[in-house]
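What the coordinates show
Chain by chain, the residues:
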Amino acid sequence: MTGIINVSSLTKQFKDVKAVDSLSFTVNQSDVYGFLGQNGAGKSTTIRMLLTLIEPSGGEIEIFGLNLRSHRKEILRQVGAIIERPDLYKYLSGYENLQLFAKMNGVDSSRKKLMEQLELVGLADRANSKAKTYSQGMKQRLGIAIALVHDPQLVILDEPTNGLDPQGIADMRNLILHLSRHLKKTVVVSSHLLSEIEQVATRMLIIDKGKKIVEGAVEELIDPAKTLVSLEATDLSFAVDYIQNSKWNAFLIKPVFDNILLQIHREQIPELNHDLVYAGVGVLSLQAKNSLENYFLQITAGKQYVGNFTD
Amino acid sequence: MKGIVISTLFLMLVSKVSVAQEAMDLVLKVKTKIEQVKDYEATGIMKTNVPFLKVPMADVTIYFKNPDKLKIKNEKGISLVPKGAASMSLSNLMANRKFTAIPAENEKIGNITVKVIKLLPLDDNSEIVLSTLYIDEARLLILKARTTTRENGTYELAMQYGKYASYALPDKAVFTFNTKEYKLPKGVTFDYDDGSKKSKNKDEVKTNKGMLEISYNNYIINKGVPDSVFK
Amino acid sequence: MLAILRIELLKIFRRPRTYISFAAIAAMVGIVQLALKVDGISYLEFLMGGMKDSIEIPYQVVLNGYLVCFIILNLLLIHVPLLVALVAGDSIAGEANMGTLRLLLTRPVSRTQFMLTKFAACVIYTVMLLIWMALLSLLVSILLFGTNDMIITRNDVVEQIQRSDILWRYIAAFAYAAVALTTVAALAFLLSIFADNSIGPIVSTISIVIVFTILSEMQIPIYDDTVKPWLFTSHMLAWKGFFYSKSNGEGEAIKGTIENLPAIMRSLGVLIGYIVLFVGSAILIFRKKDILS
């Protein structure tokens, strides 16, 4: 299967540590490809190899059907990237930063074009301010403008929400969706914020200790039959009592302090709700928990340092 | 017999006195010739050969005023003139009348036979201890003068004459004198070592003699030279 | 590549710290000129004390603009390389520290081209610093002290150069100094690739220059024949050789000549060799380097 990115048997050995171990994956056109893994799993190393910041120890990378090693310049002309927090030249203005990178990419660096770009990210009125005066959110937006100044086909985002406030995180999420759905760009995003990946990714890769654990479309990977449901009730002990004496006992995971967890098929939620209300349980909320998080934690079971549920 | 001995002794004494007198007369004649020049301004080219100096030939102007003022100036640049160059003036040598002239064996300088006369100052405190003059008697010109001093060792002045011979002014004068060894204060500045200097120094015999040679182009004689020039 | 070079020069000259170097040079040169204007005669008496018993020295005319410039260049032997290292040592390490290095290296520019452009910008900065220094130390000195022949004091000989024979020597000396300082820049540039902070490469460069300069100047036989000829600092001083004239063997300096031009050319070759070595190594290592900053 040929995609925008084809990685086969990618390996990176750092002295005593194998950070990436025979990793293979494919990113298709228009994918929002989520890269998931715990800290130290090899996400950043892999992304840096895609961006030629790190030399692979083995394996092959093809982007746009071209070998990365031999067609580096051609490929990078069509790639934009934000690597963790956006780093800028603090002593230059926002405009000058953007101009600098436009020139490095060999694209139109006319004032009109650059001001349009800054307008798009909401920085036009601060174009001439030194970057050191920008807030973190503004720096992020400038970083986005820099990553997109040359209108790349492929956008790679490594932990793009690091250090952002909730508004910034929401903005980033909207950007990713905009890039994918409206501008038809292919986006690769790595993050440890599973909720963010879940909301934007169409396909994903989970890696652990540099090895691929699983790859595929998000909705295919998450089994609706194992949906975690959280129940809050006015009288928790009454609710627990009812469940333990009903058919729902088989699905009970654990009663906790202020809610009860069950694992049922997603489509059984209405039935459960009905039975609880009928039995006189005062249901405050009945919610399906973060299924991706659950999936991820199950997949990487054994690496958990904190129990699934807090007591 | 007695008479012959006394007469012989008397004749010897007279002849000795007469020879010494002749030497003094010659010196005085030369001095008179030299003293006809009260002052001059001369242009010339100066070459310096001192162990620790490397300087280019320079166009200089030499000012002289009787009896012993001498100044060498480089109007277009700098001239590093040896101390004691004032002794390049012959009249300086003989400014003091009070000396004894003692003749010595004639010598040859080039093809010229010169009378050698030693001048001994009568003043015991004089800086000059001995001057030896090599005089071309026919032209009444001093071709060479070697002077020994108390403080500054021995220096020598050699002259060649041409069109200004009638004034006893040389076309070329070479002044040889003693120098002290030179060393840059340590640590002042780093020198560039091109790798060749060391071997040179080992072979060279260190000499403490310097030489100044002036080739005179022309003289303006007895037209007056202000004292301010010598300050 | 020209466009990227312009970008690199923009980065250097938009940074306030760059102007500290130019201000520092102005201050240092100004201080020396002021000192010499106030009491240069005393300094000359000290410098030329070794010959004052034998030679009449006209100090007033000896202290002229050409000599003042020479004194300034001698005094700033260590200082100017420091200022060069400030920018060259920051060239890669500074980008790594700011985090911009990873951004730059994901652009469609080869690492070799990137490094060459960076180094070219360092060289241009170095040359401009030197031109600035030349203007201040030569032109301003001439304005303040006038011109005349120049008297140079060496370890065991004093040389005189005629006024009309000086300017071309200064041009040659400054051109040579540009190569010498570029060698320091190349060293700082090489060290810059190993650090994420520019302090390390800057301090390391200066330490190396100081230690090597001491080794170059110490008269210890064990070093003289073995180590000294290979230290680049031994050859950095060769700019002075342009002020040493040939002699005719009778103590007379021959106008328009250089005492040992082949030696200067050899030194120049050594410096160029070091530049190629340092920059070549920097490029080779950097091409394979993993950017983890």
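Model, not experiment: these values are computed from the prediction.

Here the focus is the overall build of chain A. Tallying secondary structure elements over chain A gives eleven helices and 14 strands in all. For chain A, buried positions account for 52% of its 311 residues. Residue pairs in contact within chain A that sit at least 24 positions apart in sequence constitute 66% of those at least 6 positions apart. By element, 49% of the accessible surface of chain A is carried by carbon and sulfur atoms, the whole surface being about 14400 Å².

With that settled, the discussion passes to the pairing of strand β9 (residues 203-208) of chain A. All names here are of chain A. The element β9 is largely enclosed, with a buried count of six among its six residues. Side chains of β9 alternate between two faces, with Arg203, Leu205 and Ile207 and Met204, Ile206 and Asp208 buried alike. Where strand β3 (residues 32-36) and β9 come together, four bridges link them in parallel fashion. The partner of Gly34 across the bridge, within β9, is Met204. Strand direction decides the pairing type here: β9 and strand β10 (residues 211-217), joined by six bridges, are antiparallel.

Moving on, we get to the pairing of strand β12 (residues 209-221) of chain B. Residues and elements named next belong to chain B. Here strand β1 (residues 39-49) runs beside β12; their pairing, made up of ten bridges, is antiparallel. Residue Thr43 lies in a different strand from β12, and its bridge partner there is Asn218. The pairing of strand β11 (residues 170-178) with β12 spans seven bridges and is classified as antiparallel. Of the residues in β12, the one forming a bridge with Val174 is Glu213.

A few words now on helix α5 (residues 79-88) of chain C. All names here are of chain C. With seven of its ten residues buried, α5 lies for the most part within the structure. For α5, the full list of buried residues reads Val80, Pro81, Leu83, Val84, Ala85, Val87 and Ala88. Those residues of α5 hidden inside the fold are in contact with α1 (2-13), α2 (16-47), α8 (111-145), α9 (167-192), α10 (199-217) and α12 (232-236).

On to the pattern of salt bridges. Here the structure, examined in full by the defined rule, presents 32 salt bridges over all chains. Here Glu213 of chain B ties to Lys47 of chain B by a salt bridge, and the two come within 4.0 Å at their closest N and O atoms. Note that Glu213 of chain B is positioned in strand β12 and Lys47 of chain B in strand β1, a separation of 166 residues in sequence. The exposure class assigned to Lys47 of chain B is partly exposed, which follows from its relative accessible area of 29%. Across the pair Arg154 of chain C and Glu159 of chain C runs a salt bridge whose closest N-O atoms are separated by 2.5 Å. Using a relative accessible area of 0% as the deciding quantity, one classes Glu159 of chain C as buried. Several salt bridges converge on common partners, so that one network encompasses Asp31, Arg203, Lys212 and Glu215 of chain A.

Here we take up the sheet that holds strand β4 (residues 58-63) of chain A. Residue and element names in this part refer to chain A. Read across the sheet, four strands follow the order β2-β1-β4-β5 without closing on themselves; strand pairing throughout is antiparallel. Of all strands in the sheet, those bounded by a partner on one side alone are β2 (17-27) and β5 (66-67). Relative to β5, β4 is paired through two bridges, and the arrangement is antiparallel. Bridge pairing links Ile63 to Leu66 in β5. In this fold helix α1 (residues 43-50) packs onto β1 (5-14), β2 and β4, with an angle of close to 115° to the strand it touches most, β1.

Another aspect to go through is helix α5 (residues 136-148) of chain A. Each α-helix turn comprises 3.6 residues. Residues three or four places apart therefore point the same way. With 13 residues, α5 of chain A should cover 18 Å at 1.5 Å per step; its first-to-last C-alpha distance of 18 Å lies within 8% of that length. Every buried residue of α5 of chain A is listed here: Met138, Lys139, Gln140, Leu142, Gly143, Ile144, Ala145, Ile146, Ala147 and Leu148 of chain A.

Turning to the interface of chain C and chain A, a few remarks are in order. Listed as interface residues are 26 residues of chain C and, on the opposing side, 31 residues of chain A. The junction of chain C with chain A conceals about 2900 Å² of combined surface from both sides, 58% of it contributed by carbon and sulfur atoms. Considering only the surface of chain C that becomes buried against chain A, Arg102, Arg107 and Pro108 of chain C emerge as the three largest contributors, covering 24% of it. In this assembly, chain C and chain A are joined by three salt bridges. Residue Arg102 of chain C is joined to Asp87 of chain A by a salt bridge in which the shortest nitrogen-to-oxygen separation is 2.3 Å. Linking chain C with chain A are 19 residue pairs in polar contact (both at pLDDT 80 or more), by the criterion used here.

Chain C puts 52 residues into the contact, and the matching count from chain B is 37 residues. Note on chain C versus chain B: buried area summed over both sides is about 4100 Å², and carbon and sulfur give 53% of it. Connecting chain C to chain B are two salt bridges. As a salt-bridge pair, Glu259 of chain C and Lys54 of chain B come within 2.5 Å of each other at their nearest N and O atoms. Taken together, the connections running from chain C to chain B amount to twelve residue pairs in polar contact (both at pLDDT 80 or more). Counting only elements with at least two residues in the side of chain C that touches chain B, the list comes to α2, β1 (55-56), α3 (59-62), β2 (150-153), β3 (158-161), α10 and α13 (261-288) of chain C. For the side of chain C that touches chain B, the class distribution of residues is 18 nonpolar, 17 polar and 17 charged. Two elements, strand β5 (residues 81-82) of chain B and β1 of chain C, share two bridges in a ladder whose sense is antiparallel. In the strand pairing of β1 of chain C, Pro82 of chain B is matched with Ile55 of chain C.

Residue and element names in this part refer to chain A. For chain A, the mean per-residue pLDDT works out to 85, and 89% of the residues sit at or above 70. Element-level mean pLDDT values for chain A span from 64 in helix α11 (residues 291-299) up to 95 in β4. This stretch, residues 302-311, has a pLDDT under 50; its non-local contacts, to residues over four places away or in other chains, come to ten contacts.

The residue Gln33 of chain C is located in helix α2 in this model. Non-local contacts of Gln33 of chain C, meaning those with residues more than four positions away in its chain, are made with Val68, Ile72, Leu136, Ser137, Val140, Ser141, Leu144 and Phe145 of chain C.

Here we take up the sheet that holds strand β10 (residues 154-161) of chain B. Residue and element names in this part refer to chain B. In spatial order, the strands read β4-β3-β1-β12-β11-β10-β9-β8-β7-β6; together these ten strands make up an open sheet with antiparallel pairing. Both edges of this open sheet fall to β4 (69-73) and β6 (99-109), since each of them pairs with a single strand only. Here the average twist between neighbouring strands, direction ignored, is 20°. As judged from the five bridges shared by strand β7 (residues 112-121) and strand β8 (residues 128-136), these two strands associate in the antiparallel manner. Paired with Leu119 across the two strands is Ser131, which belongs to β8.

This part covers the packing of α2 of chain C against α8 of chain C. All names here are of chain C. One can describe the packing of α2 onto α8 by two numbers: an axis separation of 10 Å at closest approach and a directional angle of 25°. The angle between the axes of α2 and α8 places the two elements in the roughly parallel class. You can see that α2 and α8 cross each other, and the crossing is right-handed. Contacts between α2 and α8 pair Thr18, Ser21, Phe22, Ile25, Ala26, Val29, Gln33, Leu36 and Lys37 from the former with Tyr125, Met128, Leu129, Trp132, Met133, Leu136, Ser137, Val140, Ser141, Leu144 and Phe145 from the latter. Among the residues forming the contact of α2 with α8, the class breakdown is 14 nonpolar, five polar and one charged.

Counting 234 residues, the largest nonpolar core has Ile5 and Phe25 of chain A, Tyr40 and Ile142 of chain B together with Met150 and Tyr170 of chain C as the members making the most contacts within it. Counting residues per element, this core draws most heavily on α9 of chain C, which supplies 16 residues. The residues touching Tyr170 of chain C, leaving out its near neighbours within four places in the chain, are Tyr66, Cys69, Phe70, Leu73, Leu138, Met150 and Phe243 of chain C. Core analysis: the next-biggest nonpolar cluster, separate from the first, contains 16 residues, Val229, Leu236, Ile243 and Leu252 of chain A among them.

Rules behind the numbers
Residues numbered from 1 in each chain as written. Chains lettered and ligands numbered in written order. Predicted model: local features only at pLDDT ≥ 70, side-chain atom pairs only at ≥ 80, totals over all residues. Heavy atoms only, no water. Helix = DSSP H or I, 4+ residues; strand = E, 2+ residues; numbered from the N terminus. Buried < 20%, exposed > 50% of the residue type's maximum accessible area, 1.4 Å probe, protein only. Contact = heavy atoms within 4.5 Å. Areas by Shrake-Rupley, 256 points an atom, 1.4 Å probe, with all protein chains shown as cover. Pairing = 2+ DSSP bridges. Salt bridge = Lys/Arg side-chain N within 4 Å of Asp/Glu carboxyl O. Axes fitted to C-alpha atoms, helices over the stretch in contact; angles between N-to-C directions. Expected span 1.5 Å × (residues − 1). Buried area = accessible area lost by both parts, 1.4 Å probe. Polar contact = N/O pair within 3.5 Å; in protein donor to acceptor, adjacent residues only side chain to side chain. Nonpolar A, V, L, I, M, F, W, Y, C, P; charged D, E, K, R; others polar. pLDDT = per-residue confidence, 0-100. Parallel < 35°, antiparallel > 145°, perpendicular 65-115°, else oblique. Left-handed = near helix turned anticlockwise from the far one by under 90°. Core = buried A, V, L, I, M, F, W, Y, C linked by side-chain atoms within 4.5 Å.

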